[in-house]
There are 2 protein chains.
Amino acid sequence: MTHLSRRTLLGAAVGTAATASWPRLSLAATPSGPLAAEIARRHDENVQRLQAWIREPCIAAESKGYETGVPFFIKMLRDAGFQKVEQVPTSGKPGVFATLDTGARKTLGLYFMYDVKQADPAEWSSPPFEGRLVDKPGFGKVLMGRGAVNQKGPEAAFLSALHAYRAAKRKLPVNLVLVAEGEEEIGSPHFGEVVRRPEIAAALGKTVGVFMPSAMQDPDGEVTISLGAKGVIELELVASGARWGRGPSKDVHSANRARLDSPAFHLVQALATLVTPDGTEPAIDGFADRARPLSAAELQMVKRAASRMNEAKAKELLGAKVWIRDEDWEHSLLRLVSKPTVNIEGLVGGYTGPGGKTMLPSRAVAKLDLRLVPDMTAEGALGALKAHLQKRGFGDLEVNMSGGYDPTSTPADSTFVKTLDAAYRRAELDPLLWVRNAGSWPGYLFTGKPLGLPAGHYGLGHGSGAHAPDEYFVVESSNPKVAGLDGAVNSYVTYLETLGA
Amino acid sequence: MTHLSRRTLLGAAVGTAATASWPRLSLAATPSGPLAAEIARRHDENVQRLQAWIREPCIAAESKGYETGVPFFIKMLRDAGFQKVEQVPTSGKPGVFATLDTGARKTLGLYFMYDVKQADPAEWSSPPFEGRLVDKPGFGKVLMGRGAVNQKGPEAAFLSALHAYRAAKRKLPVNLVLVAEGEEEIGSPHFGEVVRRPEIAAALGKTVGVFMPSAMQDPDGEVTISLGAKGVIELELVASGARWGRGPSKDVHSANRARLDSPAFHLVQALATLVTPDGTEPAIDGFADRARPLSAAELQMVKRAASRMNEAKAKELLGAKVWIRDEDWEHSLLRLVSKPTVNIEGLVGGYTGPGGKTMLPSRAVAKLDLRLVPDMTAEGALGALKAHLQKRGFGDLEVNMSGGYDPTSTPADSTFVKTLDAAYRRAELDPLLWVRNAGSWPGYLFTGKPLGLPAGHYGLGHGSGAHAPDEYFVVESSNPKVAGLDGAVNSYVTYLETLGA
């Protein structure tokens, strides 16, 4: 969904892992063999490729950079060994479809985004589109730039793995099918047009699943395998006198409140019906009817996670003293993975400057996000909301949905997930299995009908600052628990070897 | 109250008078006699004095211009003949106290404001602090500048009347006691410190009442005598996770809504309790207990106003199709003068930019104004609101009151009001008696305890654009129904002569 980076999706869970809550070996054990040697040897080249990409930003919200950014991305894929690379037109920015066929037994699907979030240079300590290498205490040398971790760093690391295979003259152990979009940061409004193309759907259908290269390590080096993600709809609820036919149709002096209805109060009254009286849970009629309770295995997964993760640290990161309804840690995690939500992202109406202004506004807006769990759907949630409002006398409110994803789910016992797990264990990590991200991503296009594929995120390495100033990706790690760029590249080799074995 | 000009106070009533709903003579009958001759002769000097004042703005919100603006204003009063002019220190900007004693039988009180609202030159068609004379179709030559109508134009016109008396060597028929403030545009926070000074209160106590010079004519030339004004409290209601001890204390990813309370929904739920289920009337416990119903005479006044004023025009000006609860015109006016209100001026919380942002905001603010009728008080209203919130589980909300006025009332049968009426009638106008303005002004400092004086607004002339770009005051009228500057000055002579007779 809009404004969701991989880090923020996972941060809710991973960011709260305890520092040393279970024993494991250090990452420091250096990978060996000809592929590892090529990765080490080509370190500078790999950094430079990432820097060059940072300097070619495509920004969907500003419709900027596509003229040169798309050809640049396509050339990167060709250079990495993809035999067929096609630009795929959509109603928005182009997608990309690429294949690399080595005649292997298995085929892996890959999801890339080539766009990045906007950046205001004034807020950055180094130019956001330069990709400067800077020292970051506690982490080592990091590449700073927009897209460093979300998502160019990890994606470039994956491509560097392909370069290593070629340089080492080793056959890639799996075939690849890659789909990419340039509008992830505005909520992937046209990516369905790419995935649903018959030849692309057919190619994806042959894969064992689809992953997105990600820097999955938190600052303590821990990683999580998430088995899905909540869905979401994001929308504006707009009350206006003009549409309502009551109150003023333009802003008027507030003295008139005595004789005119208030669109702002109309909005407030509508919002108040959307949650339970204690403000915690959705109260939209029929909204959660299809919400599936957690299975025994999923409950067990949460229980295990609760014991491995640190509640005090989670509360500190969130600036929170108590969980909803004063529940305990385990229940807060159960809610995180299993409860649909109704959230107010923002309220805007009337006079919003300093102090007051005696006006009766003609219009007020609430920005909402509603999160969905299986088997709810974005379409069903929108319909439930509209029917709820209609039934309660708020049918005049505009419901402007800006984007939505269905929930995604991938079975824990799938080969895809087992391979992710095995690959991490080869790096001496003990990944935490997680029911689903409380954030959302367009993975439903792979896991939903008709493809029904496993999908998820994978990769070592660490970075932060997605959508924020000074976004970074660790290039040379000074932290023995966290992989640098070479470690990230090696993690993709590990995965490909594990899958192809 | 903040942001309330005299025009906007009265606009609710006067702005909706019908064009030709009752017969009367034209204003065109030129005043005669030596005073009128002096006024005509000194026209250019009077315009230049006003222009010079426009070029000396004092702006309370920006704390600008007082160093030279206060001495300028004091000199203006001295030049107009006030014998004693004192700067009165307050905790904020200085007030001014001035007297002009001619040994007359009666003493008139005057309320002046010497400050003006901010102005952004980029939005104006002529520089706001120049006071340029421009042609305005339908009105004639107008002076354009910040403060032109709110309130320097009418106040300067009053001073020009004093200059005319002196030039004509005529004795002023009444004594004058003037109090002025430089913070009207931020809600008169320290004006009470001026009025309550023993020597000032004593001087005011000897007056027949206090008026503020105003350009009372609407574009059709009609005038209203208002017998009071509603009171008001203006405040921000702030919900924050930090203060609540629930939800996040900083903005966090909206995925966390599943396990964290929402300060924005907390605010919405509190707001929803403040009005009746249909959203129309206050539902704050005890808030309106002291609201006095209209007397038979007041009801009659509204009935008469309803027949003289034009409903269709009022609705058009407000962009409204229906009144609250689908009531008729007369009931809408009854509400306007007699009902306390709870209004949302503005809503601000979380992400307020274009599109959405998946965040759970830690803080949300509603800007409210609550209007009061006799015998409610600002203090009582604030107490009722706080107790109401406390009782319903919203005691954690900050209630930040930025300003407040008690309601004001002046008896229709007071000599003060009868003199206003007689003065207008000498200008061949048929003033509409009005129960009270639905807007608010600091008149309660005069009408309330301990002074208990009549108070109101008076003056011919027309202008508009208070608090807006291109504020103007008609200097040479091309509209036979509307007075220009000379007519405005004459109207003060008429009042002084009527009162002194």
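These numbers were taken from a predicted model, which means no experiment stands behind them. (Residues numbered from 1 in each chain as written. Chains lettered and ligands numbered in written order. Predicted model: local features only at pLDDT ≥ 70, side-chain atom pairs only at ≥ 80, totals over all residues. Heavy atoms only, no water.)

Visitor: Honestly, the sheet that holds strand β19 (residues 463-464) of chain A in this entry has me stumped. Any pointers?
Guide: The pairing of strands in a sheet happens through backbone hydrogen bonds and is either parallel or antiparallel. Read across the sheet, four strands follow the order β4-β5-β20-β19 (chain A) without closing on themselves; strand pairing throughout is antiparallel. In the strand order of this sheet, the two ends are held by β4 (132-136) and β19 of chain A, each with one partner. (Pairing = 2+ DSSP bridges. Helix = DSSP H or I, 4+ residues; strand = E, 2+ residues; numbered from the N terminus.)

Visitor: In this structure, what is going on with the pattern of salt bridges? I would like to understand it.
Guide: Side chains bearing opposite charge may pair, as long as their charged atoms lie close to each other. Scanning the entire structure with this criterion turns up 58 salt bridges over all chains. For B:Glu45, the salt bridge goes to B:Arg49, with nearest N and O atoms at 3.0 Å. One end of the pair is B:Glu45 and the other is B:Arg49, both in helix α3 (residues 43-54) and four residues apart, which spans about a single turn. Given a relative accessible area of 13%, B:Arg49 falls into the buried group. A salt bridge links B:Arg425 to B:Asp430; the nearest nitrogen and oxygen atoms lie 3.0 Å apart. When salt bridges that share partners are traced, they join A:Asp278, A:Glu281, A:Arg325, A:Glu327, A:Arg335 and A:Lys339 into one network. (Salt bridge = Lys/Arg side-chain N within 4 Å of Asp/Glu carboxyl O. Buried < 20%, exposed > 50% of the residue type's maximum accessible area, 1.4 Å probe, protein only.)

Visitor: Can you walk me through the relation of the copies chain B and chain A in this structure?
Guide: Mapping between the two chain copies consists of a rotation about an axis together with a translation along that axis. Turning chain B through 180° and shifting it by 0.0 Å along the axis lays it on chain A, with an RMSD of 0.1 Å. Taken together, the turn and the small shift mark the pair as related by a two-fold rotation axis. Across chain B, the smallest distance between a C-alpha and the rotation axis is recorded for B:Val348, namely 2.5 Å. The share of interface residues of chain B whose copies in chain A are also at the interface is 100%, consistent with both copies meeting through the same surface. (Least-squares fit on C-alpha atoms with pLDDT ≥ 70 in both. Contact = heavy atoms within 4.5 Å.)

Visitor: Help me understand the interface of chain B and chain A, please; the structure alone is not making it clear to me.
Guide: Size of an interface: often given as the accessible area lost when the parts come together. On the chain A side, the residues contacting the 82 residues of chain B number 83 residues. The junction of chain B with chain A conceals about 6,500 Å² of combined surface from both sides, 55% of it contributed by carbon and sulfur atoms. When the buried area of chain B at its contact with chain A is split by residue, B:Arg259, B:Phe265 and B:Leu347 rank highest and sum to 13% of it. Summed over the shared surface of chain B and chain A, the number is two salt bridges. One salt bridge connects B:Asp326 with A:Arg246, and the closest N-O pair in it is separated by 3.1 Å. (Buried area = accessible area lost by both parts, 1.4 Å probe.)

Visitor: Help me understand the pairing of strand β12 (residues 341-350) of chain A in this model?
Guide: In terms of burial, β12(A) is largely enclosed, as eight of its 10 residues are buried. Here β12(A) pairs with strand β14 (residues 363-372) of chain A via eight bridges, running antiparallel. When the bridges of β14(A) are listed, A:Gly346 appears paired with A:Lys367. Both β12(A) and strand β12 (residues 341-350) of chain B contribute to a ladder of five bridges, which runs antiparallel. When the sheet's bridge partners are listed, A:Gly346 is paired in β12(B) with B:Gly350.

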